[in-house]
Every structure is written in structure tokens, then in C-alpha cells.
Amino acid sequence: MRAIIRIPASIGHYVNDRLWRLGYASRFLFIILIQSGTCLIRPRLVLRETYFIGVQSLIIILVSGMFVGLVLGLQMYDTLERFGSGEGVGTVVALALVRELGPVLSALLFASRAGTAVTAEIGLMKTTEQLSAMEMMAIEPVARVIAPRFWAGIISLPLLTSMFNVMGIFGGYLVGVKLLGVDEGIFWSQMQATVDFREDVLNGIIKSVVFAVAVIMIAVFEGYNSPPTAEGVSAATTRAVVTSSLAILALDFVLTAFMFRGI
Amino acid sequence: MNRTVMDIWVGIFVAIGIGATVFVALRVANLASSTSEATYQVTAEFSNIGGLKVRAPVKSAGVVVGRVTDITLDTQKYVAMVSMNLEQRYPFSQDTSASILTSGLLGEQYVGLESGAESENLTDGGKITLTSSALVLESLISEFLLDKASE
Amino acid sequence: MSGSNLIEVQSVSFAYDQRPVLKNINLVVPRGKVVSIMGGSGCGKTTLLRLIGGQLKPSSGSVKVDGESVETLSASQLTRLRRKMGMLFQMGALFTDLNVYENIAFQMREHTDLPEAIIYDLVMMKLHAVGLHGAYKLMPSELSGGMARRVALARAIALDPMLIMYDEPFAGLDPISLGVIGILIRKLNDALGATSIVVTHDVQESLKIVDYVYMVSDGVVVAEGTAEEIRSSTLPFVHQFVWGETDGPVAFHYPSESYSDLLLGRTL
């Protein structure tokens, strides 16, 4: 008998809790936006965080982009060659990267490289009372600590995505042209004829901006709301990377449906 | 970390990022040659457009001269109204004929233009009157079967 | 300016969710004095500091700082009030991404437009006051516990506050650092003409330096008096606390069923 009551109750509790978190997160986003004035007056705060968030993610993004391009080139060439259109490898690699893989993969990498670092750093600042100390010094921690990281993330990810795309296309070029002997002229001209700036490139950039907001928002939110203990921070870090990965994939589906299917 | 070193790194980072975006836009999507040209709009009526889509290329002698911008159904005559933007540098005579063609056997459909003999050229808002519709496989087959049957 | 008391806590109660932490507490801190709030772990001492700093609002009652009721202040008024407060946090709470110099310069840069040369002089003065002007280049991770506490102390007095609050300044320090911090608290208070509140459970060290003591247990003030009065108090709780006895009014055993019943499993 108990289970009959307990199951709906626990579902209700779960839904309630999720909704509450979502509402709380939107309010937090609103507060960040309100407190962003400091970042405009002192761009150096954002610049500093761009170094830690963006520059330090460069290596992983460039290397991964290269390898994804190489593998895509090999696989796609193999498949296309069966239909006798191996020279289309450049088009396929470029389209796959610009529309889908570039934004999604760089956002996933960014979430695990920079997002976790941000969550852990803010969580640790909270645990060691640095945020409280700031508050007692009459300095708003959201303006001084959260907002600069938020904006640095939004600046960094789209740039990193473009770099990922270029490295990937370069990887496809290496495999297609240098290794498998596709004609260089056809490789580029087919790509240029098929890839559309507004439909493909611009939509890819929009995606990466949306992902940037989601990833960095989740990262700062989890860090700022982590329980002030060692376990709390590590749990928050894990939750940040899991939540943002799921958010990226879910958002990607929604955005793709809207952009390329025209629902 | 030294401030100046950090500044330089962030500067390099942003420069590479913007450079990469420009590269993708120009080299991969060929933005420079596709949108910067001035265009003029013409329309054409087709009884059937097959699988023609907005943004499909408009070609003449195989050269891309413009793009389809809009496809609507005229409810007076029940024909498809196809609007297209042609590049200003390619003038076409008023008796130009338009047809819907397919690249390759199963490829994308596009509008093919063939210029006529008249000296007057199409202007912005002009209309192409000579059109031939898309080949629809089903009607081709049924026509073929009818021909066979009547023999 | 209102009277001789900088802080007046008037019948304040506070509860986290349903759990009451402070129950109808009254205490005053006179200007220029060092006042200690003592009590066992988790008795609401830190909560009291947060109420004074305006980070928490009391469920009932009123906290007056310099004549203003903290709980009724707007955000900007609270900001203005906090600029006159310095606080030393339990573990120092130094900004780990800034070096010692930048930690102390932090508030000066945020709140003032002072030229760099003056900031440099001020930072060096504050560091000299705690005896660490030689360590200005170090990062917080390179400091020992006692040094970190002294840097945090220098940071708390960076803007010459009228009120300095210490949250467990003695926790986790070796006996030498302990003595140094104790003397610094007293000397800085007198040199700056400030008022200090020391929240601690380190009885012997704080009794050496404070003017007045409030003893808090279970959210109420159980005893108050000067250091001498506390030392010679015959109240059972105070006696147990000052002399560190294991059993007394604060029981060694967590409340439970009868031990023999538990062993025999009768309550299961």
C-alpha cells in the first residue's frame, strides 16, 4: 500500500526539485546579467578569465579538431568511394564539421576542460570563504567573480569552435588530398559550391554561442551553489560536466530541428 | 602570470579565433563570391516545379548566375511562381526561356536559363514567359505506357 | 553617532529553516573595546557575526551597528556600512589567485581611486604592522598557517575599519603563532582606535587580550563579564568551559536511550 503513495510522491518531489532548480538558475542568470556592468567598466577582468578559460583550452581543441578531421576524412572517403564520388570528401567533412561536429564536440571538450575548472574554482572559493570575504568587503562576488567568467566563456567557445572547424577541415585536406590523392582544386571548389554561409556556417556559429551560454552558465551555477565541503565541490564538478554534456546534446537536437528542417 | 604575457596570449587567441571564422566564411563557404554581387529579381511560372527548393542555383550554360529566392503557388491559375535573384552583370533578353533541370541522374534540381534573340533585356521585376516544367518520373512513365498501349 | 556602544544586539533570534540557532540574544559591544564571544562548536557564534555583517537577517529582534539597524538597510547602505568593517575569516579566506600584495591592495583598488604609489605605501604599512612586509611577493599557497592568518589580518584592516570581526582567529595555529595573533589583535585595535569582536572557543588565549566576554551556549548568553570575572566564575558551565573538563553541564554522552537497554536490544 505504501508504495502506491510513495512512488507518485517521489516523482512529484523530483519534478518539484528540478523545476525549483531551473527557476533558481534563471534567476541566477538574470542576476549575472544585471551585475555585468563591472565587466564593461573593467574589461581586464574578462580578459584575465579569457586567458584561463579560452587560451588554456587551445591545445585540446586544436589537437582534437585535427584528429576528428583526419578520421572523418578517412571514413568518408571510404564510404564515398563506393559510390564513385571520393572527391566529395572535402564537402562532407566541411559540412559535418561546420554544421554539427564542430559546435558539439568543441562544446563537450570545453565543458570538460574549462567548465569543470570554473566549477571547481568557484566551489573552492566558496569553501574557503573567499566569496563571503568579498561580500564582507562590500564587493559583490557575482560581479567580481561570476560575471567575468561567464562572459569569458561566451567569448571563448565560439572562437574555439571556429579553430576546431579549421583544424578539422585541414585534417580532412591532409587525408583527402595529400594521402588519398583527391584533386586539390576539386576538393576546395566542391566544398565552396556546397557549403553555404548563412545556412551552414552562420547556423553553426549560432549553435556554438548557445552552447557557450549553456555550458558556462551550468559551470558557474554549480560552483556557486556547491555545498562548501570537499565532497560538495567534487560532486558539483561532476554534476556540472554531466548536466552540460546532456544540455549540449539536447539543445543541439532542438537547434538542428529548427535550423535545418525548418519546423 | 605576468600581465603583459597574459595580454599577448589573449590577443593571439582572439586573433586566431577571428581568423579561423573568416577562413571558414571565405575559403570554405566562399562568402565573397556568393553574396556581394548586386542582383535583380525576375519571376517565372511553372506548371510543375518537381523538387525545386528555395536557394537552388539558377544556371545558364552551366554557370551559376543567381539563386531561387521564393516559391509560391498562384491560386488564380494554380501554377508555381518562382522568384529568383540574378546577378546584375549577367543580362538576359526578354524572351529568355527557363526550365527546371536536374544535375546528374538523381541530383539537385536547378533552374536553367537560355537567352533568346530579342535586344530588350529583362529588368528588375521582369517576368520570364517561356518556361518548361520539371520532368516528373511518374508522368513520364505513364506517358510512355499510354504511348505503348495506343500503338 | 549613538552613544558609547558600537554594536547593540537586541533580543535577536535566528533559525536556519526550522532549527533555531540563536534564541533571544542580547549583547552590546562598547566602542574601542575588544569583546569576545565564546562558546562550544556550533553554538551560533559565526551566525552572530554574519548577522552583524548583514549577510543574514534575524528572524526577530534588531542588530544595531553604529546606530543603524542592519536588517533594515538597503543594499547600497549595507555596502557603505561594510566598508567600515573588516573581517578575519576562520581559515583566512585569502584570494588564492592573488599574491599577498594584491590581496591587501584588493579593497583599495576596488573601493578607491588611489594612485599606485600610495597603494604601495599603504600595503607595505599594513604588512609591516603584522611583520610580513618581506613576504609581499608570495602566493597564499606558499604561506604557513600562521603567516596566512597574519596576511588576512592585514587585509581586514586594509581600509582602517571602525569594526574588526574575528571568526576563530586562533583555530589551527601553533602556540607561537597563537600568541602573535593574540597580541596583534589587541595592538591593532588600540592603534587604529577600532572596536573588535573575537569569536572563539580558545579560552586561555583570548582571556589574555579581551576586555569583556560573552559566553554563548545553545543560542543564549549564559554568562558575561570581564576576563577576571569569567576565570573566577563558579557557574558550572563557565567552569567546565574555561578549564576544559570533559563532563559537566555539557554532557560527554550524546542524548540516547539507556546504554544497557541499547546493548540488550530492547528498544529495537
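Residues numbered from 1 in each chain as written. Chains lettered and ligands numbered in written order. Predicted model: local features only at pLDDT ≥ 70, side-chain atom pairs only at ≥ 80, totals over all residues. Heavy atoms only, no water.

Colleague: Could you give me a rundown of the overall build of chain A, with the residues and numbers involved?
Modeller: Each helix and strand in chain A was counted, giving 10 helices and zero strands. Secondary structure elements in chain A, listed N-terminal to C-terminal, are α-α-α-α-α-α-α-α-α-α. A buried classification covers 48% of the 263 residues belonging to chain A. Counting contacts in chain A only where the partners sit at least 6 residues apart, residues at least 24 apart contribute 84% of the total. With the model as given, the accessible surface of chain A reaches about 12000 Å², and the carbon-plus-sulfur share is 70%. (Helix = DSSP H or I, 4+ residues; strand = E, 2+ residues; numbered from the N terminus. Buried < 20%, exposed > 50% of the residue type's maximum accessible area, 1.4 Å probe, protein only. Contact = heavy atoms within 4.5 Å. Areas by Shrake-Rupley, 256 points an atom, 1.4 Å probe, with all protein chains shown as cover.)

Colleague: Now, about the interface of chain C and chain A: what can you tell me, with residues and values included?
Modeller: Of the residues lining the interface, 23 residues belong to chain C; the matching set on chain A comes to 14 residues. Of all residues in chain C, Arg82(C), Phe95(C) and Glu110(C) bury the most surface against chain A, accounting for 27% of the area lost on that side. Run the count over chain C and chain A and you get four salt bridges. Across the pair Arg42(A) and Glu110(C) runs a salt bridge, and its minimum N-O distance is 3.0 Å. Taken together, the connections running from chain C to chain A amount to 12 residue pairs in polar contact (both at pLDDT 80 or more). At the level of secondary structure, the elements contributing two or more residues to the side of chain C that touches chain A comprise helix 2 (75-82), strand 6 (85-88), helix 3 (100-111) and strand 7 (163-167) of chain C. (Buried area = accessible area lost by both parts, 1.4 Å probe. Salt bridge = Lys/Arg side-chain N within 4 Å of Asp/Glu carboxyl O. Polar contact = N/O pair within 3.5 Å; in protein donor to acceptor, adjacent residues only side chain to side chain.)

Colleague: I'd like a description of the pattern of salt bridges, backed by residues and values.
Modeller: Enumeration according to the criterion identifies 29 salt bridges over all chains in this entry. With a closest N to O distance of 2.7 Å, Glu45(B) and Lys77(B) form a salt bridge. Of this pair, Glu45(B) sits in strand 1 (residues 39-46) while Lys77(B) sits in the loop between strand 3 (63-74) and strand 4 (79-87); the two residues are 32 residues apart in sequence, bridging distant segments of the chain. Under the relative-accessibility criterion, Glu45(B) is labelled buried at 17%. The network of salt bridges with common partners includes Arg48(A), Glu49(A), Glu121(A), Arg149(A) and Asp97(C).

Colleague: How would you sum up the environment of Val12(C)? Please name residues and give values.
Modeller: All names here are of chain C. Mapped onto the secondary structure, Val12 falls in strand 1 (residues 5-16). Assessed through its relative accessible area of 0%, Val12 is described here as buried. Beyond its immediate stretch of four places on either side in the chain, Val12 contacts Leu22, Lys23, Asn24, Ile25, Leu51, Pro58, Ser60, Gly61, Ser62 and Val63.

Colleague: Lay out the nonpolar core with the relevant residues and their values.
Modeller: Residue and element names in this part refer to chain A. Counting 74 residues, the largest nonpolar core has Phe28, Ile32, Ile146, Ile169, Phe187 and Met191 as its most contacted members. Among the elements that make up this core, the one with the highest residue count is helix 7 (residues 141-179) (16 residues). Dropping the residues within four chain positions of it, Phe28 is found in contact with Val142, Ile146, Met217, Val220, Phe221 and Tyr224. (Core = buried A, V, L, I, M, F, W, Y, C linked by side-chain atoms within 4.5 Å.)

Colleague: Can you tell me about the interface of chain B and chain A, naming the residues and giving the values?
Modeller: Every contact between the two is made by 22 residues of chain B and, on the other side, 29 residues of chain A. Summed over both partners, the interface of chain B with chain A buries about 2400 Å², with 76% contributed by carbon and sulfur atoms. The largest share of the area that chain B buries against chain A comes from Phe13(B), Arg27(B) and Val28(B), three residues that together contribute 27% of it. Linking chain B to chain A there are one salt bridge. Arg44(A) serves as the salt-bridge partner of Asp7(B), at 3.0 Å between the closest nitrogen and oxygen. Joining chain B to chain A, the criterion identifies three residue pairs in polar contact (both at pLDDT 80 or more). Here the side of chain B that touches chain A takes 17 residues from helix 1 (residues 3-28) of chain B, the largest share from any one element. Its residues assigned to classes, the side of chain B that touches chain A comprises 15 nonpolar, three polar and four charged. (Nonpolar A, V, L, I, M, F, W, Y, C, P; charged D, E, K, R; others polar.)

Colleague: Any chance you could break down the pairing of strand 6 (residues 109-114) of chain B for me, citing the residues and the numbers?
Modeller: All names here are of chain B. Counting buried positions along strand 6 gives five out of six residues, so the element sits mostly inside the fold. Pairing between strand 2 (residues 57-60) and strand 6: two bridges, direction parallel. Residue pairing in the sheet places Lys59 in a bridge with Gly112 of strand 6. In terms of strand pairing, strand 5 (residues 97-102) meets strand 6 through six bridges, oriented antiparallel. From the neighbouring strand, Ala98 faces strand 6, where its bridge partner is Leu113. (Pairing = 2+ DSSP bridges.)

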